[in-house]
Amino acid sequence: MPKHYFIRLQNIDRLIRMKGTGSPKQLAERLHISESLLYEYLSFMKEQGAPIAYCKDRKSYYYEIQGGFNLRFINNA
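Parameters and conventions
Residues numbered from 1 in each chain as written. Predicted model: local features only at pLDDT ≥ 70, side-chain atom pairs only at ≥ 80, totals over all residues. Heavy atoms only, no water. Axes fitted to C-alpha atoms, helices over the stretch in contact; angles between N-to-C directions. Helix = DSSP H or I, 4+ residues; strand = E, 2+ residues; numbered from the N terminus. Parallel < 35°, antiparallel > 145°, perpendicular 65-115°, else oblique. Contact = heavy atoms within 4.5 Å. Nonpolar A, V, L, I, M, F, W, Y, C, P; charged D, E, K, R; others polar. Pairing = 2+ DSSP bridges. Phe/Tyr/Trp six-rings, centres within 6.5 Å; stacked < 30°, edge-to-face > 60°. Buried < 20%, exposed > 50% of the residue type's maximum accessible area, 1.4 Å probe, protein only.

Draft legend 1. Quick look at the packing of helix 2 (residues 24-31) against helix 3 (residues 35-47). Between helix 2 and helix 3, the least distance of the axes is 9 Å, while the angle of their chain directions is 95°. One element, helix 2, and the other, helix 3, form an angle in the roughly perpendicular class. Counted together, Pro-24, Lys-25, Leu-27, Ala-28 and Leu-31 of helix 2 and Glu-35, Leu-38 and Tyr-39 of helix 3 form the full contact between these two elements. Split by residue class, the contact of helix 2 with helix 3 holds six nonpolar, no polar and two charged.

This is how it looks when you write it as structure tokens:
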């Protein structure tokens, strides 16, 4: 899987945690991807358990509970 895929996921997560994504169109433009690809990323994140919702008043995605999307290897040794 290309590295840019993970970088985009990290950027989406950061913006969601900040509640500063903007509209789907704005977020897609910020990430230099299509809206349809953005929805694929959001769908993947939701499939992995991320409780993502959208606030029409703030025009931003947010997590319904506090947390974040972690994509790093953790050594438990």
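So, next bit.
Draft legend 2. Local environment of the pairing of strand 2 (residues 60-63). As paired elements, strand 1 (residues 52-55) and strand 2 share four bridges and run antiparallel to each other. Within strand 2, the residue paired with Ala-53 across the bridge is Tyr-62. Remark: four residues form the turn of the hairpin made by strand 1 and strand 2, two consecutive strands paired antiparallel; Lys-59 in that turn has positive phi of roughly 55°.

Draft legend 3. Seen up close, the packing of helix 1 (residues 3-18) against helix 3. Helix 3 packs onto helix 1 with a crossing angle of 80° between their chain directions and a minimal axis gap of 11 Å. Taken together, helix 1 and helix 3 sit at an angle that is classed as roughly perpendicular. Of helix 3, the residues touching helix 1 (which contributes His-4, Tyr-5, Arg-8, Leu-9, Ile-12, Asp-13 and Ile-16) are Leu-37, Leu-38, Tyr-41, Leu-42, Phe-44 and Met-45.

Draft legend 4. Examining the packing of aromatic side chains more closely. Applying the stated rule across the entire model yields four aromatic pairs. Taken together, a centroid distance of 5.9 Å and an interplanar angle of 90° make the contact between Tyr-5 and Phe-6 edge-to-face. Its relative accessible area of 33% is what places Phe-6 among the partly exposed residues. Arranged with centres 6.1 Å apart and planes meeting at 70°, the rings of Tyr-5 and Phe-44 form a pair that is edge-to-face. Separated by 39 residues along the polypeptide, Tyr-5 in helix 1 and Phe-44 in helix 3 bring together distant segments of the chain.

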